[in-house]
Amino acid sequence: MSVYGADALLTVLATVALIPIAMLPILGTVVRRYGRLRGWPLLASLGLLGSAVSLAAFTVFPLPAPGTLDCEARALLTYWQTRPFASIAPIADAVREQGFAAVTSGVFLQVFFNILLFVPYGFFLHQVTRWRAWVVIAVGLVTSLLIEVTQGTAFYGAYDCPYRLFDVDDLLINTTGGAVGVGLSVLLSRWWRGSRPEPVPDLEAPRRTRRVAASLVDAMLVLAGAVAVRSAIAAGFIAAAGLDRAVEVLEHTAVAITIDVLVGAALLLAVPLIRRDRATPGMLVLNIAPADAAHPERPAPRRAVMVRYAVRWLLYSVNGGLGIAIWTVELVVVLVRKDRRSLAGLLGRTVTRTRPALAADAGLTAPQGAAEPQEQD
């Protein structure tokens, strides 16, 4: 692996991992606000995630091909366009010269698509967070600033010189797009009541969609944690012994398995064991937790937590193929059984309940309605 390949890999992983993780608190806010994860709140959350990932993709891609960056050809300052309206002014010249046909010019289309790119982000961010309009617009400005700084600093030094331009006009254009999205969101909220469903007591059994989402969040966090550990190890070995030695160490099977097992155990075993509700990080985001199948009003015992971890995560950390086979069996069991219990739930003797329902049974909160029979996991 070349230095360029290592830089490109870290760039892609940072984009893929960090953006979805940054959206997790917002997802948890939606669940707690409405007491559910379905309908428009779910679609709006997915829309926000998709628009955020799209912004990240347009920020870093396409990556420069190896050997195409001529860092000595231009001074560093040429990568930073800090004069307001310098990129927008040519549109006026195009209108004077071409009239209405200027809308097909490259300078106009670049501004138009930059505005269009931020419209979904501003729209879905306002729909999900329900912050004041000026706050969402300010967040859009900060997001655009981070994008421009990322481009102007060559992904914070990952490359020898920037391959994209920092343009102060993009701050104005992108923020305008975010403001347009906020305006559309405000109009939708006034026109369609379904965009703001009434909150419900979160006492019913969590649906499969919510439980699967919790597992996906756990998997994403473990992946991000493993990437972070690998990156730290790589940085240490590159500094001490060079890139080739770092690649040799990280490609060793025993090292890879050890990293995956330790990160998985820290997040998906240690965290539930020390928590009273036995919830994994993904379960906390989705506001659910495992309970004892024999006594659903109680949290799952520690033995059950260890069994669930071994079935769902330990086998996958040791052998990816075996882990995927177990996950397939889990899916089949959930689909076949009427009570929707999974293999991990059966072996660990647990059911999955919402955390508000468990708190209500423990007398910590007053339920606003009778809880439905719990769907088991």
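Predicted, not measured: the structure shown is a model, and the values here were computed from it. (Residues numbered from 1 in each chain as written. Predicted model: local features only at pLDDT ≥ 70, side-chain atom pairs only at ≥ 80, totals over all residues. Heavy atoms only, no water.)

Caption draft 1: Structural view of the overall build of the chain. Helix and strand content of the chain: 15 helices and four strands. A separation threshold of at least 6 residues defines the contact pool for the chain, and within that pool the share at least 24 residues apart is 74%. In the structure as shown, the chain presents an accessible area of about 19800 Å², 67% of it carried by carbon and sulfur atoms. (Helix = DSSP H or I, 4+ residues; strand = E, 2+ residues; numbered from the N terminus. Contact = heavy atoms within 4.5 Å. Areas by Shrake-Rupley, 256 points an atom, 1.4 Å probe, with all protein chains shown as cover.)

Caption draft 2: Main features of the packing of helix α5 (residues 133-152) against helix α7 (residues 168-191). Following both chains from N to C, one finds α5 and α7 inclined at 145°, their axes separated by 9 Å at the closest point. For the crossing formed where α5 meets α7, the hand is right-handed. Where α5 approaches α7, its residues Ala-133, Val-136, Ile-137, Leu-141, Ser-144, Leu-145 and Glu-148 are matched on the opposing element by Asp-170, Leu-171, Asn-174, Thr-175, Ala-179 and Val-182. Here the residues of the contact of α5 with α7 sort into eight nonpolar, three polar and two charged. (Axes fitted to C-alpha atoms, helices over the stretch in contact; angles between N-to-C directions. Left-handed = near helix turned anticlockwise from the far one by under 90°. Nonpolar A, V, L, I, M, F, W, Y, C, P; charged D, E, K, R; others polar.)

Caption draft 3: A look at the pairing of strand β3 (residues 288-292). Where burial is concerned, most of β3 is hidden: five out of the five residues are buried. As judged from the five bridges shared by β3 and strand β4 (residues 350-354), these two strands associate in the antiparallel manner. By the bridge assignment, Asp-292 is partnered in β4 with Thr-350. (Buried < 20%, exposed > 50% of the residue type's maximum accessible area, 1.4 Å probe, protein only. Pairing = 2+ DSSP bridges.)

Caption draft 4: Representation of the nonpolar core within the structure. Formed by 19 residues in total, the largest nonpolar core has its most connected members in Ile-26, Trp-40, Leu-48, Tyr-121, Phe-124, Leu-125 and Val-128. Listed by contribution, the elements that provide at least two residues to this core are α1 (3-34), α2 (39-60), α4 (106-129), α5 and α7. Considering every element that reaches this core, the biggest residue donor is α4, with six residues. The contacts of Trp-40, once residues within four sequence positions are left out, are Phe-123, Phe-124, Gln-127, Leu-188, Trp-192, Gly-194 and Ser-195. (Core = buried A, V, L, I, M, F, W, Y, C linked by side-chain atoms within 4.5 Å.)

Caption draft 5: Geometry of the side chain of Thr-143. By the element assignment, Thr-143 lies in helix α5. On the basis of relative accessibility, which here comes to 16%, the residue Thr-143 falls in the buried class. When residues no more than four places from it in sequence are discounted, the contact partners of Thr-143 are Leu-55, Phe-118 and Tyr-121.

Caption draft 6: The arrangement of the packing of helix α10 (residues 253-274) against helix α12 (residues 302-318) in detail. The contact between α10 and α12 brings their axes to 10 Å, and the two run at 160°. Taken together, the axes of α10 and α12 are roughly antiparallel relative to one another. Remark: the crossing between α10 and α12 carries right-handed chirality. Listed contacts from α12 to Ile-257, Asp-260, Val-261, Gly-264, Ala-265, Leu-268, Leu-269, Pro-272 and Leu-273 of α10 are Arg-302, Val-305, Met-306, Tyr-309, Trp-313, Leu-314, Ser-317 and Val-318. Classifying every residue of the contact of α10 with α12 by side-chain character gives 13 nonpolar, two polar and two charged. (Parallel < 35°, antiparallel > 145°, perpendicular 65-115°, else oblique.)

Caption draft 7: The arrangement of the pairing of β4 in detail. Most of β4 is tucked away, with five of its five residues classed as buried. The side-chain alternation of β4 yields two buried faces, one formed by Thr-350, Thr-352 and Thr-354 and the other by Val-351 and Arg-353.

Caption draft 8: Just the packing of aromatic side chains, in detail. Counting across every chain of the model gives six aromatic pairs. Pairing Phe-118 with Tyr-121 gives two aromatic rings, centres 6.0 Å apart and planes at 80°, and the pair type is edge-to-face. Of this pair, Phe-118 and Tyr-121 are both found in helix α4, three residues apart, which corresponds to roughly one turn of the helix. The buried category is assigned to Tyr-121, whose relative accessible area is 8%. On the basis of an interplanar angle of 80° and a centroid distance of 5.0 Å, the ring pair of Phe-123 and Phe-124 is categorised as edge-to-face. Under the relative-accessibility criterion, Phe-123 is labelled buried at 14%. Using a relative accessible area of 18% as the deciding quantity, one classes Phe-124 as buried. Put simply, the rings of Trp-313, Tyr-316 and Trp-327 pair up and form one aromatic cluster. (Phe/Tyr/Trp six-rings, centres within 6.5 Å; stacked < 30°, edge-to-face > 60°.)

Caption draft 9: Inspection of a nonpolar patch on the surface at higher detail. A cluster of nonpolar side chains, namely Leu-109, Phe-112, Phe-113 and Leu-116, defines an oily patch on the protein surface of about 350 Å² accessible area. Within the secondary structure layout, Leu-116 lies in helix α4. Accessibility expressed as a relative area gives 43% for Leu-116, which makes it partly exposed. (Patch = residues over 30% accessible without salt bridge, like charges linked within 9 Å, V, L, I, M, F, W, Y side chains within 5 Å. Salt bridge = Lys/Arg side-chain N within 4 Å of Asp/Glu carboxyl O.)

Caption draft 10: Seen up close, helix α13 (residues 320-336). Spanning 17 residues, α13 covers 24 Å between terminal C-alpha atoms, matching the ideal 24 Å at 1.5 Å per step. Of the residues making up α13, those classed as buried are Gly-323, Ile-326, Glu-330, Val-333 and Val-334. Burial along α13 is one-sided: seen end-on, the buried residues are contained in an arc of 95°. More than 90 degrees from the buried face of α13, the exposed residues found are Leu-331, Leu-335 and Val-336. (Expected span 1.5 Å × (residues − 1). Arc of directions from axis to C-beta.)

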